[in-house]
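Chain residues, written in single-letter form:
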Amino acid sequence: MSSEITTRSGADQIPVARRPATTPPPRPQTWVLKVIMAATGSVFVAFLLFHLAGNLKVYLPDDPRLHFNEYAHWLRGLLNPLLPGETFLWLFRGALALCLVLHVYSGLTIWVRGRRARGHHSRSINGTRHHLIGRTMIFSGLIILAFIVFHLLDLTVGRGVESREFSSKATFTLPEGGSVTDAYANLVHSFERWPVAVFYVLVMLVVALHLSHGIWSIVNDFGGTAHRTRTVFLFLADVIALIVVVGNASIPIAVLTGGITL
Amino acid sequence: MTDEKMRLILEVWRQDGPRAEGRFETHEITDATPEMSLLELLDRLNHKLVEEDVDPVAFESDCREGICGTCGLDVNGVPHGPEDNVPACGQHVRSFKSGDTVRFEPFRAKAFPVIRDLIVDRTGLDRIIQAGGTIAVDAGTAPDADTLQVTHDEAERALDFAGCIGCGACVAACPNGAAYLFTGAKLAHLALIPHGKQERAKRARSMVAQMEHEFGPCSQIGECALACPADIPLPAIAVVNRERIRAGFKRKAN
Ligand code: HEM
Ligand code: SF4
Ligand code: FES
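1. Observations regarding helix 9 (residues 235-248) of chain B
In this model helix 9 of chain B runs 20 Å from its N-terminal to its C-terminal C-alpha over 14 residues, within 8% of the 20 Å that 1.5 Å per residue would give. Considered for burial, the residues of helix 9 of chain B that qualify are Ala-236, Ile-237, Ala-238, Val-239, Val-240, Asn-241, Glu-243, Arg-244 and Ala-247 of chain B.

Here it is, written out as structure tokens:
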């Protein structure tokens with residue numbers, strides 16, 4: 001191919017741009033960002049399943065309030081006495097926060113680089129639903145980010161968006177003595193506000209979309225090429241997404257319909 | 001069958017040069033036939049334009065039988081045309097009905113600047129190959145046939161990935177303008193055969209770096225493998241990360 005291309009009119013004699021192959025690629029390199037996405041995304045998936053297992057204690061037949069609060073209490077004192085007080089809880093929170101910062105930073109960078117490399121052109125949809133879900137990961141992700149802030153203010157910190165009855169004080173007395181925060185009551189009070197319950201349900205649907213594409217991405221980003229591994233991930237992506245959405249979204253619905261009460 | 005004539009409206013991208021403004025031009029072809037390839041449809045248009053003393057539409061093609069990778073354009077927004085995994089030269093007018101509008105556009109990606117009309121500069125792909133898509137062997141007398149042993153299955157798998165004809169449709173199909181299918185096909189092919197294994201890690205480092213220099217990230221959308229006329233399978237995109245992660249643990253060239 002010749003590199004000197006002239007135009008019909010002769011008015012535009014500029015040869016096609018040649019980019020030197022020697023300048024370094026953008027840093028951090030995209031493949032590194034993708035591996036970070038996959039690693040932090042995997043941490044979040046594990047966390048979501050763990051979190052879900054705790055949440056589902058609201059369905060225990062006898063005294064769910066006690067079980068739920070005991071679990072919240074257990075979480076706070078995990079690895080005692082090896083680590084004193086709430087040390088583990090804070091390490092856990094720190095690690096998750098670090099993952100979140102890395103995940104959001106990488107996600108935004110990947111999105112911006114993708115938009116730039118495509119240029120100002122549209123793309124038609126030929127493929128599967130992964131086209132739409134995959135292209136909107138940044139938006140589902142940012143909705144989840146907003147939700148994380150809301151969720152922490154609503155049920156952990158209790159500031160701004162919490163229910164009127166919210167209390168972070170140790171008001172629930174355990175049978176073996178001592179008292180803990182009544183996390184169960186805070187949850188029920190919050191979901192008794194129907195717009196909040198609806199919001200939680202909608203966000204869980206968004207989370208399911210993010211997971212159904214995200215878990216499939218993990219196998220690609222860690223370089224999984226074996227047919228069986230890939231099939232398993234493709235299947236797990238939808239199964240885990242379904243479990244997370246059904247399990248979590250059922251709770252606000254159960255509170256609204258009177259299935260879960262104080 | 002053959003004397004069945006179709007009327008098609010052609011919207012064709014015209015652009016005088018790399019820096020010129022482009023625009024769509026509308027033409028009518030009244031004597032298209034179903035068995036014409038889409039490139040023959042453009043040939044027909046060009047005959048007509050020459051008769052009318054208008055510059056013909058510039059587009060690329062060579063073998064016209066799906067082996068060279070020279071043809072490449074968007075048809076109604078889809079790289080190569082409506083049929084999956086078929087190059088433009090193998091796509092036919094029978095995909096359309098008489099009266100349809102067929103829109104020809106150059107491949108669209110930041111890394112593929114338009115040269116003229118439907119022709120784009122795809123040398124970005126060449127630069128990825130230059131960065132490491134080669135093997136070092138003594139050229140001279142041919143070695144004995146059995147000095148390097150490759151099993152039949154491995155040879156077949158390597159050949160599946162070697163099938164890439166370098167057309168660039170994967171990039172034009174990708175919402176991120178990524179060249180993962182192209183790069184992954186080459187990395188996979190060379191990682192499977194003994195000649196390529198010598199510089200496996202070095203190749204992964206340099207090809208991925210060059211790829212990232214001009215092309216986008218992969219978000220597992222999957223459009224590339226549907227557009228690819230060489231049927232390169234989607235796992236090729238995972239090969240890029242597999243090879244690059246592997247190279248991260250290696251100091252040596254292999
Ligand atoms: C519970 C929270 C979250 C979970 C479980 C989660 C999970 C995942 C997983 C598993 C992936 C695939 C990673 C890969 O590429 O291999 C992913 C991708 C992605 N996530 Fe998240 N994520 C969460 C929150 C967020 C947030 C808050 C953002 C905000 C920006 C975000 C943005 C993205 C983007 C943009 C991608 C796609 C990257 C690409 O195009 O390749 N995610 N997520
Ligand atoms: S991988 Fe397929 S679509 Fe991409 S350049 Fe090679 S032949 Fe063309
Ligand atoms: S012209 Fe050679 S592949 Fe189409």
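Once you've had a look at it, read on.
2. Overview of the pairing of strand 5 (residues 101-105) of chain B
One face of the sheet, then the other: side chains in a regular strand alternate in exactly this way. Residues and elements named next belong to chain B. Bridge count between strand 1 (residues 6-15) and strand 5: four bridges; the pairing is parallel. For Ile-9, the partnering residue across the bridge sits in strand 5 and is Thr-101. As judged from the two bridges shared by strand 3 (residues 74-75) and strand 5, these two strands associate in the antiparallel manner. Looking across to strand 5, one finds that Val-75 is bridged to Phe-104.

3. Describing a nonpolar patch on the surface
All names here are of chain A. Together, Leu-108, Trp-111, Val-112, Phe-139 and Leu-142 make up a nonpolar patch on the protein surface, roughly 400 Å² of accessible area in all. Elements represented by at least two residues in the nonpolar patch include exactly helix 3 (87-118) and helix 5 (137-157). Tallying contributions element by element places helix 3 first for the nonpolar patch, with three residues. Position of Leu-108 among the secondary structure elements: in helix 3.

4. What about the nonpolar core?
Phe-112 and Phe-215 of chain B are the most contacted members of the largest nonpolar core, which totals 79 residues. Considering each element in turn, this core owes the most residues, 11 residues, to helix 7 (residues 194-221) of chain A. Two domains each donate at least three residues to this core, and these are domain 1 (6-116) and domain 2 (123-249) of chain B. Not counting chain neighbours up to four residues away, the residues in contact with Phe-215 of chain B comprise Ala-117 of chain A together with Ala-111, Phe-112, Gly-124, Leu-125, Ile-128, Val-171, Gly-177, Ala-178 and Ala-179 of chain B.

Thresholds, definitions, all that
- Throughout this document, residue positions are counted from 1 along each chain, in the order its sequence is written.
- Here every chain gets a letter starting at A, and every ligand a number starting at 1, in the order they are written.
- Reporting of local features is limited, given that this is a predicted model, to residues whose pLDDT is at least 70; pairs of side-chain atoms are given and counted only at 80 or more, and all residues count toward the totals for whole chains, interfaces and linings.
- Values shown for side chains rest on all heavy atoms present in the structure; no hydrogens or waters enter the calculation.
- A run of DSSP states H or I qualifies as a helix once it reaches four residues; a run of E qualifies as a strand once it reaches two. Both are numbered from the N-terminal end.
- Helix span, expected: 1.5 Å multiplied by one less than the number of residues in the helix.
- For the exposure calls, accessible area comes from a 1.4 Å probe over protein chains only, and a residue counts as buried if that area is under 20% of its type's maximum, exposed if over 50%, partly exposed in between.
- For two strands to pair, DSSP has to find at least two bridges joining them.
- Two joining distances apply to patches: 9 Å for like charges and 5 Å for nonpolar side chains (Val, Leu, Ile, Met, Phe, Trp, Tyr), and every residue must have over 30% relative accessible area and no salt bridge.
- Note on areas: Shrake-Rupley with a 1.4 Å probe; residue coverage comes only from the protein chains shown.
- Put simply, a salt bridge is a Lys or Arg side-chain nitrogen that is within 4 Å of an Asp or Glu carboxyl oxygen.
- Buried residues of nine kinds, namely Ala, Val, Leu, Ile, Met, Phe, Trp, Tyr and Cys, make up a nonpolar core once their side-chain atoms join them within 4.5 Å.
- How far each domain reaches was decided by an automatic or database domain assignment.
- Note on contacts: a residue pair is in contact if any heavy atoms of the two residues lie within 4.5 Å.

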